[in-house]
Each structure stands twice: as C-alpha cells, then as structure tokens.
Amino acid sequence: MSLYQLTAHELHDKLKAREITAVELTESIYERIEEVETQVKGYLTLTKEIALEQANAADIGFQNGDEIPPLAGIPIAIKDVICTKGVRTTCASKILSNFVPPYDATVMTKLHQQGAVMVGKTNMDEFAMGSSTENSAYQITHNPWDLDTIPGGSSGGSAAVVAADTAICSLGSDTGGSIRQPAALCGVVGMKPTYGRISRYGLIAFASSLDQIGPFTKDVTDCALVLNALCGKDEMDSTSVDMPIPNFTQSLINDIQGLKIGVPKEYFTEGLDTEVADKIQDAIAKLESLGASVIDISLPHTEYAIATYYIIAPAEASANLARYDGVRYGYRTEESEDLINMYKKTRSEGFGEEVKRRIMLGTFALSAGYQDAYYKKAQKARTLIKSDFDAAFEKVDVIATPTSPTPAFKIGERTADPLQMYLCDVMTTPASHAGLPGISVPCGLVNSGLPVGLQLLAAPFNEEALFRVAYTYEQNTEHHLLKPNISNVNDK
C-alpha cells in the first residue's frame, strides 16, 4: 500500500519506528494530489511549502527522541471556514476572496502543538450553507466514488479529500449535519462532537448556537485520536465547556455486550431510499448479533426539525453575516454612489444565491411582528426536540439511524429545488438542535457502488459510548476498508 492510503495510527507507528519520515509522507500526499485533484477538486488552497516545513520540524523531533504526539507529521486538510494565520481563508465566498487571517483558530493552535502537517484548505458550500458543495463560489467538488455525484455538504471538500487519499484526516464543521452527511456520502468516518466540546474560536460563524468543529478520518481509531487533540475549554470561546476530557482511545473497546441501542421509527419513513434502509437495518442487526439490545423508540418531534432549523440557522446567519459590508475587510464593490449603495452592491455581488436566500429568510424571521411567530416558536420546537432525546437516553445508551436518506445524488440534480436540498439534512438536524454528539460510519454500498453511512447518536458529552459502538461495528465489518477507484488523471 502507498503511504497516503494508510491511517494516521498506522503512519504514527511507522514514523515512531523511523521506517518513514514525515517529509516522505507529505510528499506522497502531494503526489496523490497531483494524480487525482483535478478530478475531485477538493482543495481551494494548497500549502505545500508550509506543509514541508512542518513535516521537516516533525522529523527533527523524531530524530531528537522527543515525545511524539499521535498526530505529529500527519498530513491534515482544513475546511476553509477555519482561520489559518497567514493563509487565505475564504469560506468559499467571493466576499472573503482576499481575506488572510492574522490569527489561528484554537483548533489550529492545538494541531500545531501536536506537530500536525497542514496540507491545505478544502472546498465547501459558501459560508457552510448547503448540503452538496455546489454552492462554492470557486468550484464544485466531486465525490471520489462517482465523479458525477456530489460529495455532500457543507464540508464536502474535507470528506472528499479523505476518501480520495489526498489527506490522511481533515477538519470540517457541522451546523445541521455538515460533517456527518458528507462522511456518509463519501464512505469515511465523520464526527460532530457535543456542542461546547471543541472551541469555536476562529471558526467563521454561520449559526453560533449550532456550529461545531469535528474530524473526518479513515477509521474510528483516527477519529478518537483527532478528537483527543482538539477538545477542551478555551478562554476565547465562552460556549466551550470546562469539564474533564476523557482519553477517547480508551473507549475503543470491541465489546458492546449489554448496551442498549435505540432505533427511532421516525427515521424510517417516507423519503428514505430502500437500499439505504436495508443497509442500516443490516448494520443494526449486526450490532444486535454482537450483544447489544435493540429497542424501538420514538422521537415524536423529529418532523419539526427541518422547519425549525431553517428558521433558527438563517436567523443567526442574518446576524453573523451583517459584518461583511465592504468597509473593514473582504470584497468591496468597485463602483458605488454613496455608503448605502456601497453596502448593497458589495453584498449583492459578494454573496452567492444560497447565502442571500438564507440571509433574507433569517432577516424576515427576526423582523418586527414576525419574531414571535417564527423565531420564538422555532426555539420552543427546538426545546421539544431536545426533550425527546433526553427521554430516549433514559432508556438507551446510543441511538442508531441512517445518516442521509439517500446515497449521493448527481451534480446539478437538486440545485433548482432548495426544498429538496434542505431535506438532505432531515436525519442530522435533530441532533444538532439538541447539541448531541454524533458519528457517521461506513456501513456498505448500494447497488450503484455508492456508500451508505450509519449515524450513531449519544447523550451530551457521552462520546465514549459512540466510540465504543462505532469501533465494535467497524472491527466486525470491512466496510471502512473499501476505497473508491479513481484512476490517475495522467493515465487517461
């Protein structure tokens, strides 16, 4: 196997044993990028010079016999919504096309402390608003399993580069499913931790009460290693939680004997692809055969999750995106008659269609006379959705559902119908409302050869239960070992 095909923990062992160098590993990633990136289009910015410097620094540490963190020398890609000091950070938007942050996000500081290597910044739906990575101002990312299909969104670039082996791991952000859904559609592991587990400082805000940073990895072990590196209280983020951080690798136990797994009937209704449903039922049956008790449960307010999400998230986006006005930084229109006209033209020219749609939705929901009817009502519905989960976790340890109602769809298939696109998140938004941790793990392929993801949810700050179930499932199946077959573009 080529170095770029290995997991972070396998590479860590080789680096530690001095069988390979971090520079060799990083060069192998860039060779792979040279081969397939023109087809996948997962990156907006590559940082090869920085990466080789970081890899060289990691190698010096290995030679000096320094204590070697698990991610030292490991090439990691970063969603372009996370601030990287001195490296362009665009949110895949024209309005931030020239923005170079003067500081690092807290997660970047933590990765630097580990000695990780930054490969580049990945493509995404503009300002993380979308489910297909078709809303980027720069390019459309293609799913490595079928280049005619979408990789999911909004972290589609981060999912695609891990699936295509052009990064070993990556970071994404999840507001209503933007890590879990693309992980499912690209056949990799993706995790949204509990809200507050990881600092949001330096994550460019979409919906502040929902956004969370999390990892994409090739297997569950790598996911635990990355989460170990990122968690913790941060004085720069008042919503980050001050509580002990477990060593998540200690939860990688191949045993779920006696665990109770809830299966909510509301997730197996109209709109769920039959092949996806079959794969999820097979996965649940596998967990039962491994010793878990499967219990039917109900989450009755699930049907309100999408409507609630598309009021709360755009309302918060309306407030968060008001800062992009062409005055202080970012894009500014070249021709304007006065200040008000400059604001209007800058925002009209700088934002894409989906972002403008959501700003208008959110502004309307917050406007005088409508705030009580929409925004406050949505917050009450959100409380009911959370209450459903609270009641369920009194009976079960983990909830198992599909991650996405369908496999990846064709590029362009849903762009003309925003409502159809919004329904892509029907399985992931409920957990976001409740701030729950969730993980998507590969659970097979449909007949067309596209991947399906199993979503596992747990009570707040119970990521250990997720890791235990996900790891046991992974160790007793081979779905995570399947790879897309992308031919070298030079062979064509």
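Structure: above.
Cut-offs applied
- Residues numbered from 1 in each chain as written.
- Predicted model: local features only at pLDDT ≥ 70, side-chain atom pairs only at ≥ 80, totals over all residues.
- Heavy atoms only, no water.
- Helix = DSSP H or I, 4+ residues; strand = E, 2+ residues; numbered from the N terminus.
- Rg over C-alpha atoms; globule rule 2.2 N^0.38 Å.
- Buried < 20%, exposed > 50% of the residue type's maximum accessible area, 1.4 Å probe, protein only.
- Contact = heavy atoms within 4.5 Å.
- Areas by Shrake-Rupley, 256 points an atom, 1.4 Å probe, with all protein chains shown as cover.
- Polar contact = N/O pair within 3.5 Å; in protein donor to acceptor, adjacent residues only side chain to side chain.
- 1 Å grid on protein atoms, 1.4 Å probe; cavity = no way out; pocket = protein on both sides within 12 Å on 5 of 7 lines; lining within 4 Å.
- Points joined across faces, edges and corners; volume = space filled by probe spheres on them.
- Core = buried A, V, L, I, M, F, W, Y, C linked by side-chain atoms within 4.5 Å.
- Phe/Tyr/Trp six-rings, centres within 6.5 Å; stacked < 30°, edge-to-face > 60°.
- Lys NZ or Arg CZ within 6 Å of the ring centre and 35° of its normal.
- Pairing = 2+ DSSP bridges.

Summing up its helical and strand segments, the chain has 15 helices and 11 strands in all. For 492 residues, the compact-globule formula gives about 23 Å, and the C-alpha radius of gyration of the chain, at 21 Å, lands near that figure. Dimensions along the principal axes, computed over C-alpha positions, put the chain at roughly 65 × 55 × 50 Å. Counting over 492 residues, the chain shows a buried share of 61%. Within the chain, counting contacts between residues at least 6 apart in sequence, those at least 24 apart form 77% of the total. Accessible area for the chain stands at about 18,600 Å²; split by element, carbon and sulfur atoms hold 49% of it.

Position of T401 relative to the elements: it lies in strand β9 (residues 398-402). A residue is classified by how much of its surface remains accessible, and T401, at 0% relative accessible area, is buried. In terms of polar contacts, T401 uses its side chain to reach the side chain of Q455, at 2.8 Å. In this structure, T401 is in contact with P264, Y267, I280, L454 and Q455, ignoring residues within four places of it in sequence.

A word on empty space enclosed by the protein. In this approach a probe as big as a water molecule rolls over the atoms, and the regions it shows empty are the leftover space. On inspection of all chains with the given rule, the structure shows five cavities of 30 Å³ or more. Looking at the largest cavity, the residues that line it are A128, M129, G130, S131, G176, G177, S178, F206, Y309, Y310, R358 and D425.

Take the nonpolar core next. Residues I82, F127, F389, I439 and F467 are the most contacted members of the largest nonpolar core, which totals 148 residues. Take this core: its biggest share by element is nine residues, from helix α9 (residues 305-320). Beyond its immediate stretch of four places on either side in the chain, F127 contacts C91, S93, I95, L96, I204, F206, L321, Y324, F351 and V355. Counting five residues, the second largest nonpolar core, distinct from the first, contains V36, A160, A164 and I486.

Another point: the packing of aromatic side chains. Scanning all chains against the criterion turns up 13 aromatic pairs. Their ring planes at 15° and their centres at 4.0 Å tell us that Y310 and Y422 sit as a pair that is stacked. Taken together, the residues span a long stretch of sequence, with Y310 in helix α9 and Y422 in helix α13 (residues 418-422) at a distance of 112 residues. Consider the rings of Y324 and Y329, whose centres lie 6.1 Å apart with planes at 90°: the pair is edge-to-face. Note on Y324: relative accessible area 5%, which makes it buried. A residue is classified by how much of its surface remains accessible, and Y329, at 31% relative accessible area, is partly exposed. One Lys or Arg, R88, reaches over the ring of Y138 and ends 5.6 Å from the middle of that ring. The ring centre of F409 lies 4.2 Å from the NZ or CZ of R414, which sits over that ring.

Here we come to the pairing of β9. For β9, the tally of buried residues reaches five of five residues, placing the bulk of the element in the interior. Judged from the five bridges that link them, β9 and strand β11 (residues 451-458) form a sheet pairing that is antiparallel. Across the sheet, A400 pairs through a bridge with L456, a residue of β11.

Coordinates in, geometry out; function isn't part of it.
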